[in-house]
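Single-letter residue listing:
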Amino acid sequence: MSNALSNRIKSLPVSETLAMAAKARELKTEGKDIISLSLGEPDFNTPDFIKDAAIEAINQNYNAYTPVDGYVELKEAICEKFQRDNNLTYSPNQIVVSTGAKQSIANVAQVLLNPGDEVLLPAPYWVSYSAIATLCEATYKEIPSSIDTDFKITPAQLEAAITPKTKMIFFNSPTNPSGSIYSEEEYRALAKVLEKHPNTYILSDEIYEHINYGTKPFSFAAIESMYDRTITVNGLAKAFAMTGWRIGYIGAPEWIAKACTKMQGQITSGTNCIAQRAAITAVKASPEKVQYMVDEFKNRRDLVLQLLGEIDGFKLNVPEGAFYIFPDISDFFGKTIQGKTINNANDFSMLLLEKANVATVTGEAFGAPNCIRLSYAASELQLREAIKRIKTVLS
């Protein structure tokens, strides 16, 4: 009966990160000792002060439907957070709270994109960006980068990529999958290009902002000429170890926020009430409250870079944020390892899964076919063992 499915769903790819995680779980159930470095999920517990706020909300009998765009107290707290951390002035009517930042991004795309519109994706990019564009019946164009440019695009590349059909560009800093961070100077140079194209809107995904190792991320909407056409996306999943709580939000021009509220009202309505009450406490907290996680991620980053650096064929840069290493592994292409010929990053990623019992994600999913992504959101013991296995297989 698959012929009865809509063209929309048939055109939509499966998320590669979720697919690899599912494959790893399947092999684990078969008794294989799989170490998964595939999912972008902190391995810490949600901080106690946030859990306590959720328990208090339960005891206060928060159980009713919430406003579609979020509790006003949460939206006010988000406005305070934007001012404190990003030097951005938003009012509550410019904020929409959603079931995770992924829904926030999907809402924005749905309300701005028409069939045939074009979305620019600086590559590498998060796997769902292209799928969301496809779901909106838009086209997407990758703007390539490489490890040699720290996986960042140039103003000249952006200028060359824009066409009359370009409606949106998705920026992400710190970046998933590369961990790169665009500096204020780099963003301002890109903004100079976009100033010449007033019909192009900017989605700035800042979900990893607090996970940085000394280079403080800069918000694109803080560029005065870009504020009125930038949608800032953020959430609590990564920095606060709240992936399953599903809280994302946007700060946007009011007319876009209203449209997103209208869209969300016909799909999910308001976000989970208990998670929202806990989110008020999280958003109001100083980023220093979760610095212990960031410090540990930095230690793991340094460890993984050291250990991978001891394996011939891995070309590495030093990511400044997030919790991913994104090595260029193209030196292995054309070689036969453990009886398996490596033609591309997919082959290499499957080799590591099947022979080393280590799950990674192919860079092809992110628009970077020479790379693979490894998440170091895992214990030091697991990371050491995983890279030991990889080294054994490749040697």
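Scroll up to find the structure.
Residues numbered from 1 in each chain as written. Predicted model: local features only at pLDDT ≥ 70, side-chain atom pairs only at ≥ 80, totals over all residues. Heavy atoms only, no water.

J.: Please clarify how the sheet that holds strand β4 (residues 139-143) should be interpreted in this entry.
T.: Within a beta sheet, neighbouring strands are joined by backbone hydrogen bonds and run either parallel or antiparallel to one another. If you walk across this open sheet you meet the seven strands as β2-β8-β7-β6-β5-β3-β4, and the pairing is mixed. Bordering the open sheet on either side are β2 (95-98) and β4, each of which pairs with just one other strand. Here the average twist between neighbouring strands, direction ignored, is 20 degrees. Pairing between strand β7 (residues 230-235) and strand β8 (residues 248-251): four bridges, direction antiparallel. (Pairing = 2+ DSSP bridges. Helix = DSSP H or I, 4+ residues; strand = E, 2+ residues; numbered from the N terminus. Axes fitted to C-alpha atoms, helices over the stretch in contact; angles between N-to-C directions.)

J.: Would you mind showing me how to read helix α2 (residues 16-29) here?
T.: Counting along an α-helix, one turn takes 3.6 residues, and residues three or four places apart therefore face a common direction. For α2, with 14 residues, the first-to-last C-alpha span of 20 Å sits near the 20 Å given by 1.5 Å per residue. Burial in α2 covers these residues: Thr17, Met20, Ala21, Ala24 and Leu27. Buried residues along α2 cover an arc of 125 degrees about the axis, so they all sit on one side. Among the exposed residues of α2, those oriented more than 90 degrees off its buried face are Arg25 and Thr29. On the buried face of α2, the contacting elements are β1 (35-36), α6 (127-135), α12 (345-356), β12 (358-359), β13 (361-362) and β14 (372-375). Positive phi appears at Gly31, one or two residues downstream of α2, with a value of about 95 degrees. (Expected span 1.5 Å × (residues − 1). Buried < 20%, exposed > 50% of the residue type's maximum accessible area, 1.4 Å probe, protein only. Arc of directions from axis to C-beta. Contact = heavy atoms within 4.5 Å.)

J.: Just to check I follow, could you spell out the packing of helix α3 (residues 48-59) against helix α10 (residues 273-284) for this structure?
T.: Helix packing for two helices is described by the angle between their axes and how far apart those axes are. With their axes 8 Å apart at the nearest point, α3 and α10 run at an angle of 140 degrees to one another. Taken together, the axes of α3 and α10 are oblique relative to one another. As α3 runs across α10, the sense of the crossing is right-handed. Contact residues: Phe49, Ile50, Ala53, Ala54, Ala57 and Ile58 in α3; Ile274, Arg277, Ala278, Thr281 and Ala282 in α10. Taken together, the residues that form the contact of α3 with α10 break down as nine nonpolar, one polar and one charged. (Parallel < 35°, antiparallel > 145°, perpendicular 65-115°, else oblique. Left-handed = near helix turned anticlockwise from the far one by under 90°. Nonpolar A, V, L, I, M, F, W, Y, C, P; charged D, E, K, R; others polar.)

J.: Is there a simple way to think about the pattern of salt bridges in this case?
T.: Pairing between side chains of opposite charge can happen when the charged atoms of each approach one another. What the rule picks out here adds up to 22 salt bridges. A salt bridge links Asp85 to Arg84; its shortest N-O distance comes to 2.7 Å. Residue classification places Asp85 among the buried positions, given a relative accessible area of 10%. Bridged by salt links that share partners, the residues Lys81, Arg84, Asp85 and Glu209 form one connected network. (Salt bridge = Lys/Arg side-chain N within 4 Å of Asp/Glu carboxyl O.)

J.: How do you make sense of the pairing of β7 when you look at a structure like this?
T.: Of all the six residues making up β7, six are buried; the element is thus mostly covered by neighbouring parts of the structure. A two-sided burial pattern is seen for β7, the buried positions comprising Thr230, Thr232 and Asn234 on one face and Ile231, Val233 and Gly235 on the other.

J.: What is the right way to read the pairing of strand β5 (residues 166-172) from this model?
T.: When a strand is regular, its side chains alternate between the sheet's two faces. The buried fraction of β5 amounts to seven of the seven residues, a majority that puts the element mostly inside the structure. In this structure, strand β3 (residues 118-122) lies alongside β5, joined through three bridges in parallel fashion. Looking at the pairing, Glu118 lines up with Thr166 of β5. Direction of pairing for β5 relative to strand β6 (residues 201-205): parallel, over a ladder of five bridges.

J.: Explanation requested: the packing of aromatic side chains in the structure shown.
T.: Describing an aromatic ring pair means giving the distance of the ring centres and the angle of the ring planes. Using the criterion set out here, one finds 23 aromatic pairs in the structure. Centroid distance Phe171 to Tyr187: 5.3 Å. Interplanar angle 50 degrees. Geometry classified as tilted. Linking Phe171 in strand β5 with Tyr187 in helix α8 (residues 184-194), this pair joins segments that are 16 residues apart in sequence. A residue is classified by how much of its surface remains accessible, and Tyr187, at 1% relative accessible area, is buried. Counting every residue linked through ring pairs, the aromatic cluster contains Phe44, Tyr208, Tyr292, Phe297, Phe323 and Tyr324. (Phe/Tyr/Trp six-rings, centres within 6.5 Å; stacked < 30°, edge-to-face > 60°.)

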